[in-house]
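Geometric and topological summary
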Amino acid sequence: MRTLATAFATALFLAASAPAVERVAPDDARTKIQALVAEALAGRDALASQVDVVIETIDLLNERILELTNRRIEIEEGMPQSIGDVQRERLLATAPAIGVSLVTLDAYVQAAENIRELYPSCVVRWEMLAGIARVESAHARFGGARVAADGQVVDNVILGPLLDGSLAGTAIIEDTDGGRLDGNDEYDAAVGPFQFIPSTWAGYALDATGDGFADPHNLYDAALSAAGYLCASSNLADDDQIARSLWSYNRSLVYLANVTGFARDYITSLALPEAAYD
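Residues numbered from 1 in each chain as written. Predicted model: local features only at pLDDT ≥ 70, side-chain atom pairs only at ≥ 80, totals over all residues. Heavy atoms only, no water.

1. Focus on the packing of helix H7 (residues 219-233) against helix H8 (residues 239-249)
- Between H7 and H8, whose axes approach to 8 Å, the crossing angle comes to 120 degrees. The pairing of H7 with H8 is recorded here as oblique in orientation. For the pair H7 and H8, the crossing hand works out as right-handed. The segment H7 lies against H8, with Ala226, Tyr229, Leu230 and Ser233 engaging Arg244, Ser245, Leu246, Ser248 and Tyr249.
- Here the contact of H7 with H8 is composed, by residue class, of five nonpolar, three polar and one charged. (Axes fitted to C-alpha atoms, helices over the stretch in contact; angles between N-to-C directions. Helix = DSSP H or I, 4+ residues; strand = E, 2+ residues; numbered from the N terminus. Parallel < 35°, antiparallel > 145°, perpendicular 65-115°, else oblique. Left-handed = near helix turned anticlockwise from the far one by under 90°. Contact = heavy atoms within 4.5 Å. Nonpolar A, V, L, I, M, F, W, Y, C, P; charged D, E, K, R; others polar.)

And the structure:
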């Protein structure tokens, strides 16, 4: 009996000490649920608003990217496509003082400087080479020809009269190159901007461009070869020696006067720095 009484007492104690269960009225529960739903909807609307802002920003960025892309295309279309194109445009620009392209002037200047490697004591001046080329081929522009950025004469092959005796005052020179340079296998004709006869070219041709081929139709090769031809006659140290070398180039007093006259005009119009030699 004592044990049963003790167990009953313990049960009463535990029931008395257990926490009371909160009872929520149905109306209060509905209110809390509605509040939670309203809070969730408000959060959703705020997030949707932020998404709209992000989408609008992306659209604006895409529009700006398109504008910049179109602008870049416009700029690129108005510019040379490469550094090489820029260099070519500069070389083909005209030196106003003497009315030739920069590549043409460069060919004369380089020839005058580089011939010193073969003829150290010979003083070839660029303006003298320019005077010769002016008389011989109008600076490689005879007959619609022009000088490309690499010095190659293009658009027309510059040839002198066929040396078959049909033109008064010209020699008869039968073919010496099989027509390789002048296109005629019966008689020779002077070729290129410095008007070399093929047989003369064979003896004085120099490769200025380093491509392994001396070409009378390349202004760099032709100018250097002309400088070598002049130096073979004299060292051009004074007017008499210059006249002697020019006489060997073309035995005409009129020719001599024209070349030296043009040379004086060029050096007067465009004074370039002298090259330094050891």
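2. Focus on the nonpolar core
- Residues Tyr108, Val124, Trp126, Leu129, Phe194 and Tyr249 are the most contacted members of the largest nonpolar core, which totals 50 residues.
- At 10 residues, the largest contribution of residues to this core is made by H7.
- Dropping the residues within four chain positions of it, Val124 is found in contact with Ala112, Ile115, Leu129, Ala227, Cys231 and Leu236. (Core = buried A, V, L, I, M, F, W, Y, C linked by side-chain atoms within 4.5 Å. Buried < 20%, exposed > 50% of the residue type's maximum accessible area, 1.4 Å probe, protein only.)

3. Focus on the environment of Arg125
- Here Arg125 lies in the loop between helix H4 (102-114) and helix H5 (126-137).
- Once the C-alpha coordinates of Arg125 and Ala111 are considered, the two residues, 14 residues apart in sequence, prove to be 8.9 Å apart.
- Reaching out from Arg125, the side chain makes a polar contact with the side chain of Glu127 at a distance of 2.4 Å. (Polar contact = N/O pair within 3.5 Å; in protein donor to acceptor, adjacent residues only side chain to side chain.)

4. Points about a negative patch on the surface
- A cluster of acidic residues, Asp52, Glu56, Asp59 and Glu63, forms a negative patch on the protein surface.
- Tracing the chain through its elements places Asp59 in helix H2 (residues 26-77).
- Classification of Asp59 as partly exposed rests on a relative accessible area of 40%. (Patch = residues over 30% accessible without salt bridge, like charges linked within 9 Å, V, L, I, M, F, W, Y side chains within 5 Å. Areas by Shrake-Rupley, 256 points an atom, 1.4 Å probe, with all protein chains shown as cover. Salt bridge = Lys/Arg side-chain N within 4 Å of Asp/Glu carboxyl O. Lys, Arg positive; Asp, Glu negative; His and termini not counted. Charge placed at Lys NZ, Arg CZ, Asp CG, Glu CD.)

5. A word on H5
- Here H5 is 12 residues long and its end C-alpha atoms lie 16 Å apart, about the 16 Å a rise of 1.5 Å per residue gives.
- Burial analysis of H5 places 10 of its 12 residues in the buried class, which makes it a mostly covered element.
- Those residues of H5 that fall on the buried side of the exposure criterion are Trp126, Glu127, Met128, Leu129, Ala130, Gly131, Ile132, Ala133, Glu136 and Ser137.
- Tucked inside the fold, the buried residues of H5 contact H4, H7, H8 and helix H9 (253-269). (Expected span 1.5 Å × (residues − 1).)

6. As for the side chain of Ser101
- For Ser101, the location among the structural elements is in strand E2 (residues 100-101).
- Within the local environment of Ser101, its side chain forms a polar contact with the side chain of Thr104, the two groups lying 2.8 Å apart.

7. Here's the deal with unusual backbone geometry
- With a phi angle near 60 degrees, His139 is a residue other than glycine that sits in the positive phi range.
- Positionally, His139 belongs in the loop between H5 and strand E3 (146-147).
- Look at His139 and you get buried, because its relative accessible area is 3%.
- The residue Ala140 is not glycine, and still its phi comes out positive at about 65 degrees.

8. Digging into the packing of aromatic side chains
- Under the defined criterion, the tally for this structure stands at eight aromatic pairs.
- Between Phe196 and Tyr229, the ring centres sit 6.5 Å apart and the planes meet at 90 degrees, which makes this aromatic pair edge-to-face. Here Tyr229 lies in helix H7 and Phe196 lies in the loop between strand E4 (153-154) and helix H6 (198-204), a separation of 33 residues in the sequence. Here Phe196 and Tyr229 have matching classes, each one buried.
- Ring centres of Phe196 and Tyr249 lie 6.1 Å apart, and the angle between their planes is 65 degrees; on these two criteria the pair is classed as edge-to-face. With Phe196 in the loop between E4 and H6 and Tyr249 in helix H8, this residue pair connects regions lying 53 residues apart in the sequence.
- Among the residues examined, Phe196 registers a relative accessible area of 3% and is labelled buried.
- A connected cluster of aromatic rings, assembled from ring pairs, spans Phe196, Trp201, Tyr204, Tyr229, Tyr249 and Tyr255. (Phe/Tyr/Trp six-rings, centres within 6.5 Å; stacked < 30°, edge-to-face > 60°.)

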